[in-house]
Amino acid sequence: MAVNNALELAGYGPVIPVIVLQRVQDAVPMAQALVAGGVRVLEVTLRTPVALECMELIAREVPEAIVGAGTVRSVADARAARDAGCQFAVTPGYVSEISLECREIGLPLLPGVATASEVMAANADGLSFLKFFPATAAGGIPMLKALGGPFTDVVFCPTGGLTPQNAPEFLALPNVKVCGGSWLTPADAVAAGDWGRITQLAREAQALRG
Ligand code: 3PG
């Protein structure tokens, strides 16, 4: 499944799981568990030494999954993600050089912003689907409403501090089409190989509506 534009990611469901994998052997069963719950877009963060290997495995062995790299912090990270078979990249903040590189290598990018200036920098590089991070700490719903004033054509994916309880309120905003969160893949469930719990959390997340 090729992704041409990051905004297409919002079409697969209301929540993109933000995933931290500590062990290579967890990658495929976790991805399968999420897909079984209807969640296909998976952001695997580059926060562990095994992350790239995990992305490669998911890309190869779980064809229903649309795997992307999170925590991309450099041009080298973006290239490594593309080489691992990722279909998109997510950055925590805005760096123009990374945006331009992603465009160059054909990797759809969902870049992080937290201020009006960062939204303007992303817009100047042609991007209008942006991650709002860290969502609750950076002003939450009032901030998204305020950004909706000047930036009528910008769509946000709030991430950071979202829960199954507060996600519906974020998803109800007109400038939010999807949100991100780590709650679908709790570290204890992954460590215990409790894939049934992850499928259930995925199902519940997939059913969330604004
Ligand atoms: C992160 O930084 O790990 C993501 O933004 C997810 O944040 P969360 O753990 O608050 O969902």
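A brief report on the enclosed structure follows. The model shown is predicted, which means the values in this text are computed figures rather than measured ones. (Residues numbered from 1 in each chain as written. Predicted model: local features only at pLDDT ≥ 70, side-chain atom pairs only at ≥ 80, totals over all residues. Heavy atoms only, no water.)

### Quick word on the overall build of the chain
Counting secondary structure elements, the chain contains nine helices and nine strands. Compactness check: the chain gives a C-alpha radius of gyration of 16 Å against a globular reference of 17 Å for 210 residues, within 12% of the reference. Counting only C-alpha atoms, the chain reaches 45 × 35 × 25 Å along its principal axes. For the chain, with 210 residues in total, the buried portion stands at 53%. In the chain, of all internal contacts separated by at least 6 residues, the share reaching a separation of at least 24 is 60%. Charged side chains in the chain number 14 positive and 19 negative. The centres of these two groups are separated by 4 Å. (Helix = DSSP H or I, 4+ residues; strand = E, 2+ residues; numbered from the N terminus. Rg over C-alpha atoms; globule rule 2.2 N^0.38 Å. Buried < 20%, exposed > 50% of the residue type's maximum accessible area, 1.4 Å probe, protein only. Contact = heavy atoms within 4.5 Å. Lys, Arg positive; Asp, Glu negative; His and termini not counted. Charge placed at Lys NZ, Arg CZ, Asp CG, Glu CD.)

### Structural notes on the packing of aromatic side chains
Evaluation of the coordinates by the stated rule reveals one aromatic pair. Seen from their ring centres, Phe132 and Phe156 are 6.4 Å apart, and the 70 degrees between their planes marks the pair as edge-to-face. Of the two residues, Phe132 sits in strand 7 (residues 129-132) while Phe156 sits in strand 8 (residues 155-158), which places them 24 residues apart along the sequence. By relative accessible area, Phe156 is classed as buried at 0%. (Phe/Tyr/Trp six-rings, centres within 6.5 Å; stacked < 30°, edge-to-face > 60°.)

### What to know about the pattern of salt bridges
Evaluation of the coordinates by the stated rule reveals five salt bridges. Across the salt bridge formed by Arg82 and Asp83, the nearest N and O atoms sit 2.9 Å from each other. Judged by relative accessible area, which is 56%, Asp83 ranks as exposed. (Salt bridge = Lys/Arg side-chain N within 4 Å of Asp/Glu carboxyl O.)

### Considerations on helix 2 (residues 51-61)
What helix 2 keeps buried is the set Ala51, Cys54, Met55, Leu57 and Ile58. The arc that holds every buried residue of helix 2, seen down its axis, measures 165 degrees, which confines them to one face. Next to the buried residues of helix 2 lie helix 1 (24-36), strand 2 (41-45) and strand 3 (66-70). (Arc of directions from axis to C-beta.)

### Overview of the state of the cysteines
A full pass over the atoms with the stated rule returns zero disulfides. For the unlinked cysteine Cys157, the closest cysteine sulfur is that of Cys179, found at 6.6 Å. (Disulfide = S-S within 2.5 Å.)

### Observations regarding the side chain of Glu43
As for its placement among the helices and strands, Glu43 is situated in strand 2. Salt bridges are absent for the buried Glu43, whose nearest opposite-charge side chain, Lys131, sits at 4.2 Å. Ignoring anything within four residues of it in the chain, the contact list for Glu43 reads Ile16, Pro17, Val18, Ile19, Gly68, Ala69, Gly70, Thr71, Phe88, Val90 and Lys131.

### A few points about the environment of Leu7
Along the chain, Leu7 falls in the segment before strand 1 (15-19). Sequence separation between Leu7 and Leu127 is 120 residues, and the spatial gap between their C-alpha atoms is 9.9 Å.

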